[in-house]
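Here is what each chain is made of, one letter per residue.
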Amino acid sequence: PRPAGPHNVCRLLGRRAHGFYARDAGVAHRKNLGLLRKIMCQESTKFKNVWTTHSASPIAYERGRIYMDNYQCCISSIAQAPRILYQKSKCSKSEKIEDALLLECPLGEMLPSPSDYKSSLIVLTVQNWLLRLSADSGEVLEKVYLAGSCCKSFRYLSWDTPQEVMVVKTVQNKLPAAARQAGIQQSVLFYLAVFQVLPLSFIGMLEINKKIFGNSVTDVAVSNGILIVMYSMGLVRLYNFKAILEQFMEQPFDLGQEFNWNGQVGVVGKYPFGLPCNIKVTDTPPLLFEASSLENAFQIGGYPWHYIITPNKKKHKGVFHICSLKDNALAKNGIQDMKCCSLEPDWIYFHPDMSGRIIHVGPNLIKVLKLKEVKNHTDQMEIAEDFTIVANRENCVNNTVTVTASGRVVKKRFNLLDDDPEQETFKIVDYEDELDLLSTVAVTQIGADGRAHLDFHCNEHGILLKSIPLRESWDVTYSHEVYFDKDLVLHIEQKPNRRFSCYVYQMVCDTAKDD
């Protein structure tokens, strides 16, 4: 038992993180992950390619499960050798799955059904059915029909609040050329259906109308209670989504409820009626914030709140401005420009570890930046370098002037690009939150043979802890995804003509006999 009396909160949290209170929830889990990280970074620990497969359809990975054949086949990657969890018969084109989200049980909540306590997969089919499937068996647990008379093409799933509120979005409504020539007007651009998950419940359906939001809307999204509207000229506008729901919802509905709506009688979420569009914005909602950025690139993060944009001119591509959300003031050293000469641009984003730091990735350099107060100016923030990770280009010589054996001086007319395939180049940067490791994939291609390695860095200081060579050849012209999930590394490659490959690596502690 803890001694009575007042305590410093920061000290208590620090002691709990170090395991002083063994009965606290999560202490054993944190200790186990700390042990796993130490074992993983030992020199004797290797990652072995235990399984490889190829497919003519896309391959997806979610939390230890590999999905193939349009989610009809599920393979567990947790066992020593991947094994099939379920294999369903091939689906027809009308049953094709367009998008999917993994749904995991919330902690400490009472749920109506025993199946709710196990992981499930929310999938969206081409015929506008929203299905909740068991992640282990593929059994259909719930089904909701989305598209009534108002909308036809739901295609995208995303989280508003992760594992709590889900958004289903249509493609942009566009009239056929013949209809436009006939003078037919289309005012509704998108529909957004919003659901609370576990238990699955319908919050409402919202229409994005160009009469309210403008003619040049190109895309919309909902994230963390904010409605984000993007425009063709690079403008991004933010609105309070909760306030929109409260102000413009005409009538709430529950799934399975009988309704009479605009002359139609049916059941909410059942075929053929689907969901009613019960949120109709009739007036422009209050604007929270707007910014203009090249290609609508806009991010919010850090502490205090800051945002990152690129000035809305093509000549500024690769230049990033970090500004205060409070007053739009540019932070000191807030213009980040690597001055890369490369085919692929550098990219920047707020660190997903919630530290408020910023990761800026270039072809041969990764900068981890932090926000801090300017000395003697507590109301102003500056961008400072926390640490950097540099690609290994020790053997790279790029002389513009060479001398031949006969003494003739030869001058090159061009320099190598910063992301020239023959030089080691960063392709992927990710964060493993459970082990607190920053992972990077660097690639070098010589001739037709490309070689890649996955490196683990200390997330706090950037120190290299482990390097894992990937055995398969890496072609920089193909599309690649690499997942690092505790003791598993998974590489998915997309080749031309929709050919997909999956390479699974698992952690092994080598012995002399194995070597």
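Above this text you will find the structure in question.
Everything in this summary refers to the structure shown in the same document. (Residues numbered from 1 in each chain as written. Predicted model: local features only at pLDDT ≥ 70, side-chain atom pairs only at ≥ 80, totals over all residues. Heavy atoms only, no water.)

1. A short note on the packing of aromatic side chains
Then comes step 1: Counted according to the given criterion, the structure contains 14 aromatic pairs.
Then comes step 2: Seen in terms of ring centroids, F253 and F259 are 5.7 Å apart; in terms of plane orientation they differ by 70°. Their pairing is edge-to-face. Taken individually, F253 and F259 each receive the classification buried, so the pair is uniform in this respect.
Then comes step 3: These aromatic residues form a ring-pair network of at least three members: F47, F456 and F484.
Then comes step 4: Between K143 and the ring centre of W129, over which it is positioned, the NZ or CZ distance is 4.7 Å.
Then comes step 5: Positioned above the aromatic ring of Y231, the side-chain terminus of R237 is 5.1 Å from the ring centre. (Phe/Tyr/Trp six-rings, centres within 6.5 Å; stacked < 30°, edge-to-face > 60°. Buried < 20%, exposed > 50% of the residue type's maximum accessible area, 1.4 Å probe, protein only. Lys NZ or Arg CZ within 6 Å of the ring centre and 35° of its normal.)

2. Things to note about unusual backbone geometry
Then comes step 1: For the bond running from L198 to P199, omega is -5°, close enough to zero to count as cis.
Then comes step 2: Omega for the bond connecting Y303 with P304 falls within 30 degrees of zero, at -5°, which places this linkage in the cis form.
Then comes step 3: Looking at where P304 falls in the secondary structure, it is placed in the loop between β20 (298-301) and β21 (306-309).
Then comes step 4: Here the phi dihedral of D69 falls at roughly 50°; this positive angle occurs in a residue that is not glycine.
Then comes step 5: For D69, the location among the structural elements is in the loop between β3 (65-68) and β4 (73-76).
Then comes step 6: A positive phi is found at N70, a non-glycine position, where the angle reads about 55°.
Then comes step 7: Turning to its location among the elements, N70 is positioned in the loop between β3 and β4. (Helix = DSSP H or I, 4+ residues; strand = E, 2+ residues; numbered from the N terminus.)

3. A word on the pattern of salt bridges
Then comes step 1: Applying the stated rule across the entire model yields 16 salt bridges.
Then comes step 2: Close ionic contact of R155 with E98 constitutes a salt bridge, the shortest N to O distance being 3.8 Å. Separated by 57 residues along the polypeptide, R155 in strand β10 (residues 154-161) and E98 in strand β6 (residues 97-103) bring together distant segments of the chain.
Then comes step 3: For R155, a relative accessible area of 18% puts it in the buried group.
Then comes step 4: Ionic pairing is found between E142 and R132, a salt bridge with its closest N-O pair at 2.7 Å. In this pair, E142 is assigned in strand β9 (residues 140-145) and R132 in strand β8 (residues 129-134), connecting sequence segments 10 residues apart.
Then comes step 5: Linked by salt bridges that have partners in common, D353, R357, K370 and D386 make up one network. (Salt bridge = Lys/Arg side-chain N within 4 Å of Asp/Glu carboxyl O.)

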